[in-house]
Amino acid sequence: TATPPWWRDAVIYQVYPRSFLDTDGDGVGDLRGVARRIPYLSRLGVDTLWLSPFFSSPMADFGYDVRDHTAVDPLFGDLADFDGLVAAAHAHGLRVLIDYVPNHTSGEHPWFRDARTGPLSPRRDWYVWRDPAPGGGPPNNWITLFGESAWTLDAESGQYYLHSFLSSMPDLNWRNPAVREAMFDVARFWLDRGVDGFRVDCAPLIAKDPALRDNPAAGAGTVAHHRPMGGYDSQLHLHDQAHPDLHAMYREFRAVLDAYGDGPAARIALGEIHAYDWQAWSRYFGRELDEIHLPINFGLLRTPWEPGAIRDLVREVLGALPAGAVPTWVTGTHDDPRVASRVGRDQAANAMLLLLTLPGAAILYNGDELGLPDAHITPEDIRDPWGLRTPELSRDPARSPMPWSDGPGAGFTRAGVRPWLPVARPPGGSAAAQEDDPGSLLSLTRAVLALRRAHPALGPGAIEFADAPEGVLAYTRTGPPGGGSLLITLNLTDGPLHIGKTVAGRPWERHLSTAPEAGATAASRGTDAHGPDPDV
Ligand code: NOJ
C-alpha cells in the first residue's frame with residue numbers, strides 16, 4: 001500500500017513560543033529555545049511542529065496582532081534564528097507549520113497606518129471602512145468577543161473601521177484582490193524559507209456579508225454564537241463571518257501552497273474553524289478537497305468527558321467527513337483551559353490516549369504531555385487582553401511556561417528571572433522528573449506515539465465502537481488487511497475496571513497501559529490498548 005501523504009495522520013505539536021524556553025533571560029521564551037528542544041520533541045515522537053506567532057507585533061494579543069508579517073519580533077530572535085530552527089527541525093525529520101493570521105493586522109501595521117491617512121489612501125480599501133449609520137453610530141450591530149461594537153470611529157475621517165477582536169486589530173478586506181495578493185506573498189515568503197505550511201487563524205472570518213447586514217438579534221442562549229470565537233452556527237445565518245465567498249479565497253490560497261509540490265513536498269493549511277455544526281465545518285475541506293487540508297474540529301474541547309458524548313461526537317464528525325478527507329483532533333490549545341484541569345488529573349492519560357488513537361491527524365498542545373494543569377493566575381498576573389477585560393475569559397492559565405526541571409526558573413528561564421507568567425507544576429513532576437519515570441504521562445505519550453508509528457491499525461483506518469461497561473469508552477482501530485487491529489479501552493470512571501482474558505469472545509494481549517504496573521489480567525484502574533487480535 002502506498003504511504004499516505006505525510007499530513008493525513010500527522011501528530012502536530014503546538015509550541016507557544018513565549019512559554020517554551022527562554023534562552024536570553026528576559027522571562028519570555030524565544031526561537032532559540034524552541035530549537036534547543038528539537039531533540040526533546042523528536043524523542044517524544046511527534047512529527048510536526050506548529051509555532052504560534054513570533055512576528056513583529058505590539059503584542060496587544062500576544063502576536064496575533066501582526067505589525068510586520070515577514071519580520072521576527074526581537075523578543076523571539078531574528079530571521080537567522082528562525083532559519084536555524086527550521087533547519088534543526090528538518091534535520092530531525094520534523095515538519096514546521098507557522099501561524100498565518102489573515103483576518104486582521106495590528107493597527108500599527110504599515111498597511112493600516114497608510115489606510116488610516118484617509119479615504120484617498122491607495123490602501124484605504126485594504127480594510128473595512130463605513131460611514132456611520134444614518135442616525136449616527138456604528139454601521140451595523142456586529143460585536144466583538146467582548147460584546148462591544150466591532151466598529152471603531154476614526155475621528156479624522158468620520159468613518160468607522162471593522163475589527164472582529166480588539167480595536168487595535170483592524171480586519172483586512174479579503175474581497176480586495178490586492179489584499180489577497182499581498183497576503184499570498186506573505187505565505188510565499190515563509191514557504192520559500194522552508195515552512196511546511198500554516199495554521200490559519202480564524203479561518204471562517206475572512207469573508208463577511210458584502211452588504212454588511214445586521215446579525216439576527218441574539219436571543220436567550222444564542223449570544224455565544226455571535227462571538228468570533230464562540231462558534232459559528234449555520235442555523236443563525238450570521239453575517240459577520242463564514243460567507244460562502246470564502247471558499248473561492250481558500251481555493252486561491254490552496255493554489256499558492258500546491259505550487260510548492262505534493263506528496264512529501266506538500267505544504268499544508270491547518271484551519272482554525274470554530275464551527276460545531278459538522279456539516280458547516282466539513283465545507284472547509286472544499287468540494288474537491290481543494291481548500292483547507294486539515295480544518296480543525298474543536299469538538300473534544302466542548303464535549304463532556306463521558307463515553308456516550310465522546311462516541312457521539314466522533315461518529316458525527318466522521319459522518320460529516322467528505323470522502324477522502326481526514327479528521328483532526330485536538331484536546332488543548334492556547335485559548336482553552338488545560339485538558340488536565342478540564343478532565344481532571346487522573347484522566348489526563350486517558351485524554352492523551354484518546355487523542356492519539358483516533359483516526360486522522362492530532363494536535364498536541366505543549367505541556368499536555370506532562371499533564372500540566374492550568375496555572376493559578378492572581379489578578380495582578382493577568383496578561384491576556386481578554387482576561388484583563390473579562391477575568392473568566394482569561395487564557396493565561398493555559399499559557400504558563402513549560403516546567404522543564406525542578407531547578408531555578410523551572411528550567412524555563414534563568415535563576416532569578418521572573419517568567420512572564422507563573423509556572424504551574426504538573427502532579428507527575430517536571431519534564432526532567434518524568435523523563436526517567438516509566439509511569440509518567442511523558443513516558444506514556446512517547447509509548448503511544450511509538451505504537452502509533454509502528455502499528456498499521458493506528459493509521460488513518462477504521463474505527464468501530466465496542467460495547468463496554470458503564471463509564472468505559474472502547475473502540476477498535478483496524479488498519480489495512482493483514483495489519484491487525486487494536487482495542488482501546490478508556491476507563492473514564494474513577495474506580496477500578498476488570499478486563500477479562502477475553503473481550504467480546506476474543507483473546508487479547510496488552511500493548512500499553514496507563515497503569516503499566518498492572519498485570520495483564522489483574523484489576524486495573526487504567527486504560528489499555530491491546531492487540532493484535534488473531535481473529536481479525
Ligand atoms: C485565534 C487565536 O488562537 C487567538 O489566540 C487569537 O486571540 C485570535 N484568533 C485572534 O487572532
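Attention in this report is confined to the structure presented alongside it. (Residues numbered from 1 in each chain as written. Predicted model: local features only at pLDDT ≥ 70, side-chain atom pairs only at ≥ 80, totals over all residues. Heavy atoms only, no water.)

## Section: the sheet that holds strand E13 (residues 361-365)
Phase 1: On the basis of which strands lie adjacent, the open sheet formed by eight strands has the order E11-E10-E9-E5-E2-E1-E13-E12 and parallel pairing. With one partner strand each, in any of the chains shown, strand E11 (294-295) and strand E12 (328-330) form the two edges of the open sheet.
Phase 2: Sheet topology note: the strand E2 (residues 48-51)/strand E5 (residues 95-100) ladder contains four bridges and is parallel. Counted as the bridge partner of Leu-49 is Val-96 from E5. (Pairing = 2+ DSSP bridges. Helix = DSSP H or I, 4+ residues; strand = E, 2+ residues; numbered from the N terminus.)

## Brief notes about the sheet that holds strand E8 (residues 159-162)
Phase 1: The strand order E6-E8-E7 describes an open sheet built from three strands, whose pairing is antiparallel. If you trace the sheet from one side to the other, it starts and ends with strand E6 (129-130) and strand E7 (151-154), each paired once.
Phase 2: With four bridges joining them, E7 and E8 adopt antiparallel strand pairing. Note on E8: the bridge partner recorded for Trp-151 is Leu-162.

## Structural notes on the site of the ligand
Phase 1: Taken together, 14 residues sit near the ligand, with Asp-61, Asp-201, His-334, Asp-335 and Arg-395 positioned nearest.
Phase 2: At 2.9 Å from an oxygen atom of the ligand is found a side-chain nitrogen or oxygen belonging to His-104.
Phase 3: For the shell around the ligand, the class distribution of residues is five nonpolar, two polar and seven charged. (Near = heavy atom within 4 Å. Polar contact = N/O pair within 3.5 Å; in protein donor to acceptor, adjacent residues only side chain to side chain. Nonpolar A, V, L, I, M, F, W, Y, C, P; charged D, E, K, R; others polar.)

## Structural notes on the pattern of salt bridges
Phase 1: One pass over the full model with this rule turns up 31 salt bridges.
Phase 2: Measuring nitrogen to oxygen at the nearest pair gives 3.7 Å for the salt bridge that ties Asp-196 to Arg-95. Separated by 101 residues along the polypeptide, Asp-196 in the loop between helix H5 (177-192) and strand E9 (197-200) and Arg-95 in strand E5 bring together distant segments of the chain.
Phase 3: Using a relative accessible area of 6% as the deciding quantity, one classes Asp-196 as buried.
Phase 4: When the shortest N-O distance is used, the salt bridge between Arg-399 and Asp-335 registers 3.1 Å. (Salt bridge = Lys/Arg side-chain N within 4 Å of Asp/Glu carboxyl O. Buried < 20%, exposed > 50% of the residue type's maximum accessible area, 1.4 Å probe, protein only.)

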